Amino acid sequence: MNQASISPSKFSSRFKSFFRGNLGGWIVILAMVLLPFITSLISGQSISNLLANESGMAKFVQGLAIEIFILALYALSYDLILGVTGLLSFGHAMFFAVGAYLTGILLKSFGWSLWATLGMVLVAAIIQAILFAVVLPRVQGVTFALVTLGIASVFYIVIQSHEMSAYAGADVGLQGVVAPEFINAADHRMRFYFVTLGLLIGMYLLYKRFVNSPTGRVCIAIRENEKRALMLGYNTFYFKLIALTLASITAALAGCLHALFQPIVSPHTASMGFTIAALLMTLIGGVGTLSGALVGAAIYRLLEYGLKNIFGEQATFLLGVVYVLIVLFLPYGIIGTWKLRALQIRSGWQRLIGLVTGKPKQA
Amino acid sequence: MDGSIILETKNLRKEFGALVAVDNVDLRVQANTVHAIIGPNGAGKTTLFNLLSNAFEPTAGKVFFQGRDITHLPTHRIIHLGIGRSFQITNLFPNLTALENVRLAAQALGKDNFRFLRAASHFKRYEQRAWEALNLVGLTDRALMPARALPHGDQRKLELAIILAPDPKLLLLDEPTAGMAAEQVPEMMNLISQINKTSSKTIILVEHNMSVVMNISDRITVMHLGRVLAEGTPSEIAANPEVQNAYLGKLYGDMKKREA
Ligand SMILES: Nc1ncnc2c1ncn2[C@@H]1O[C@H](COP(=O)(O)OP(=O)(O)OP(=O)(O)O)[C@@H](O)[C@H]1O
Ligand SMILES: [Mg+2]
């Protein structure tokens, strides 16, 4: 046997296993990349019209997809602290809203450049994560949820206050934010689409790597049994701080994109209701699965859009019913349940093969 | 300072309201020995362990490890000094594999805890340590099962592997055979004795069954109602009339109760 004959087959098998392991992901990415082109073809719009940013179904679908990507980033960040690290925060909307309001105010009222604004959003995200974390050594579980709700509620009130109204627009919200021309979603919808998609994919891969890294594994251990993690010698505070910081940066980035994309930043983004949206999206998709957050965000937004279109205002009630049904019938969420089934089917096959070949296999 | 004393407590005391769970305990444990702490239910053995491993703050008194005052160190520092502690009630990461349970224990003492851009599988030495510890307790063929799916006896072994992985100098074992089937107990005791002999680790072992520890202990401390009732070699303890009175009398009383 010579060396040369081994390496290409080894390479191709590695190549294959890389694709097989992530096949679903690659298909979704490909579909998302092709989405603007496919919708423009279906609606009979020429590609050159699409590239010229002409309005039509393709532009509309891209807009809806951008909203989903932004929500997905937001849900992903919530899954990191709830699903991976096991911290129940009821103040997550604040992470998003700080990014959104800060972006809007700095661009509109202070005339900052986009890059300076992004830098400031990053600093603010880190500060608010530390703010959430300082209470961690003192409170646990439900108390942490209540404290974070308290902090976020203060922010919710301040952002709507009379004193802030010149900047934040009180209860109407922040209007008239003009995104820099090169990324303006009205004029360059497809560019904004791909920037958002790229950021989402990048963040998702970063999160995947994080939960599999030494640091992320400790976060999972904290979720499983924090007292034991302490006893193993981990100062769990720092790991929770890291998870909160990464989540805060991600949510603030989502908020920032939201402010650049939407004509208005509503105080709703800072409300308890928007935190519950994050909780719902992760529940629908499957807590702690990461990819579930993306699926959850898509279903959440599409359901809302679809039902509102058909039933108008009654949709809110129906949405509630649908969520209850999903949580009742898929307690591990869509991705969580699917993974469980796949595992059961695989071990079922192994048992069957074991029976046939007479060699029982350990599960 | 006596060089051969690895752990020492002075007037260690813990009160829960009116209840004195640990009542001015002075304990001296020789290095490289197996030192058993026995006593009936509620004697304060687990509470004493919680004080030694700094899970509880004592009401009064001090704990010294290798001559160093460790009374007020936070829990997560203890293992870094070389003290590993197992639990009477199984205390694992239930949804993680046995291997990952032990790997986390090995990783804790390394310097890679804050590497978050590299896969954990890149850091082979921790996995290596974990396999060694699993091998020592005989769990390698169940390494990939989630901890919660292991039979109870194997969970006790896993508990032991977890505290062996960071290679501590002192092991605090709280009823390592708790809940085990009687026929599995000798195996566990042999294992503990083996660990003490082959890697010269000091072991403090809590039990409430005296006969279990008679063979493997160098010294025995008997606790009763939070106090040290007696201390000595196994034969001294077996011959001690006070121990027989209080401890065996209590056992006898329990037996009576069960019969009734
Ligand atoms: N956290 C606590 N709060 C209040 N009382 C406690 C606490 N922990 C233990 N106690 C009490 O302290 C006493 C000693 O309990 P401990 O668990 O130390 O006994 P033990 O010797 O380990 O008993 P066992 O053999 O049953 O494990 C008991 O009366 C118990 O009820
Ligand atoms: Mg006990």
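Everything that follows concerns the structure shown earlier in this document.
Residues numbered from 1 in each chain as written. Chains lettered and ligands numbered in written order. Predicted model: local features only at pLDDT ≥ 70, side-chain atom pairs only at ≥ 80, totals over all residues. Heavy atoms only, no water.

## As for the coordination of the magnesium ion (ligand 2)
All names here are of chain B.
Thought 1: Every protein donor of the magnesium ion (ligand 2) is accounted for by T46 (OG1) and Q88 (OE1), and the metal-donor separations fall at 1.8 to 2.1 Å. Of this pair, T46 sits in helix 1 (residues 45-52) while Q88 sits in the loop between strand 6 (83-85) and helix 3 (98-107), placing them 42 residues apart in sequence.
Thought 2: Exposure remark for T46: the relative accessible area of 27% places this residue in the partly exposed category.
Thought 3: Relative accessible area serves as the criterion here: at 28%, Q88 is assigned to the partly exposed category. (Donors = N, O, S within 2.8 Å, 3.2 Å for Na, K, Ca; no water. Helix = DSSP H or I, 4+ residues; strand = E, 2+ residues; numbered from the N terminus. Buried < 20%, exposed > 50% of the residue type's maximum accessible area, 1.4 Å probe, protein only.)

## Side note on the nonpolar core
Thought 1: Counting 145 residues, the largest nonpolar core has Y74 and L244 of chain A together with V102, L158 and L160 of chain B as the members making the most contacts within it.
Thought 2: No other element matches the 16 residues that helix 4 (residues 57-84) of chain A contributes to this core.
Thought 3: With residues near it in sequence (within four places) discarded, V102 of chain B still touches A130, A133, L134, L158, A161, I162 and A165 of chain B.
Thought 4: One finds V29, L48, L170 and L172 of chain B within the second-largest nonpolar core, a separate group that totals 24 residues. (Core = buried A, V, L, I, M, F, W, Y, C linked by side-chain atoms within 4.5 Å. Contact = heavy atoms within 4.5 Å.)

## So, the packing of aromatic side chains
Geometry of an aromatic ring pair is reported as the spacing of the ring centres plus the angle between the planes.
Thought 1: In the structure shown here, the tally under the stated rule is 15 aromatic pairs over all chains.
Thought 2: Here the aromatic residues F69, Y193 and F194 of chain A are joined through ring pairs into a cluster of three or more. (Phe/Tyr/Trp six-rings, centres within 6.5 Å; stacked < 30°, edge-to-face > 60°.)

## Notes on the interface of chain B and chain A
Thought 1: Of the residues lining the interface, 35 residues belong to chain B; the matching set on chain A comes to 26 residues.
Thought 2: Taken over both partners, the interface formed by chain B and chain A buries close to 2600 Å², and the fraction arising from carbon and sulfur atoms is 63%.
Thought 3: Looking only at chain B, the three residues that lose the most surface to chain A are H76, F93 and F116 of chain B, adding up to 24% of its buried area.
Thought 4: Inspection of the region where chain B meets chain A yields 2 salt bridges. (Buried area = accessible area lost by both parts, 1.4 Å probe. Salt bridge = Lys/Arg side-chain N within 4 Å of Asp/Glu carboxyl O.)

## Quick word on helix 6 (residues 185-198) of chain B
Residue and element names in this part refer to chain B.
Thought 1: Over its 14 residues, helix 6 runs 20 Å from end to end, which matches the ideal 20 Å to within 8%, given 1.5 Å per residue.
Thought 2: Taken residue by residue, helix 6 has V185, M188, M189, L191, I192, S193, I195 and N196 as its buried positions.
Thought 3: Directly beyond the C-terminal end of helix 6, a positive phi value near 40° is found at S200. (Expected span 1.5 Å × (residues − 1).)

## Points about the pattern of salt bridges
Side-chain pairs of opposite charge can arise where the charged atoms are in close proximity.
Residues and elements named next belong to chain B.
Thought 1: Inspection of the entire model under this criterion finds 21 salt bridges over all chains.
Thought 2: Between D69 and K62 there is a salt bridge, with the nearest N and O atoms lying 3.5 Å from each other.
Thought 3: What makes K62 partly exposed here is its relative accessible area of 35%.
Thought 4: A salt bridge links K201 to D167, with the shortest nitrogen-to-oxygen separation between them at 2.5 Å. Of the two residues, K201 is situated in the loop between helix 6 and strand 8 (202-207) and D167 in the loop between helix 5 (152-164) and strand 7 (170-174); the sequence distance between them amounts to 34 residues.
Thought 5: One network of salt bridges, with partners in common, ties together R13, E15, D23 and R227.

## A word on the sheet that holds strand 4 (residues 60-65) of chain B
Residue and element names in this part refer to chain B.
Thought 1: Judged by pairing direction, the sheet is antiparallel, and its 4 strands sit side by side in the order 2-1-4-5 without closing on themselves. Only two strands of the sheet have a single partner each, and these edge strands are strand 2 (19-30) and strand 5 (68-69).
Thought 2: Sheet contacts for helix 1: strand 1 (5-16), strand 2 and strand 4; angle to strand 1, the most-contacted strand, approximately 115°. (Pairing = 2+ DSSP bridges. Axes fitted to C-alpha atoms, helices over the stretch in contact; angles between N-to-C directions.)

Shape is all these values report; function is a separate question.
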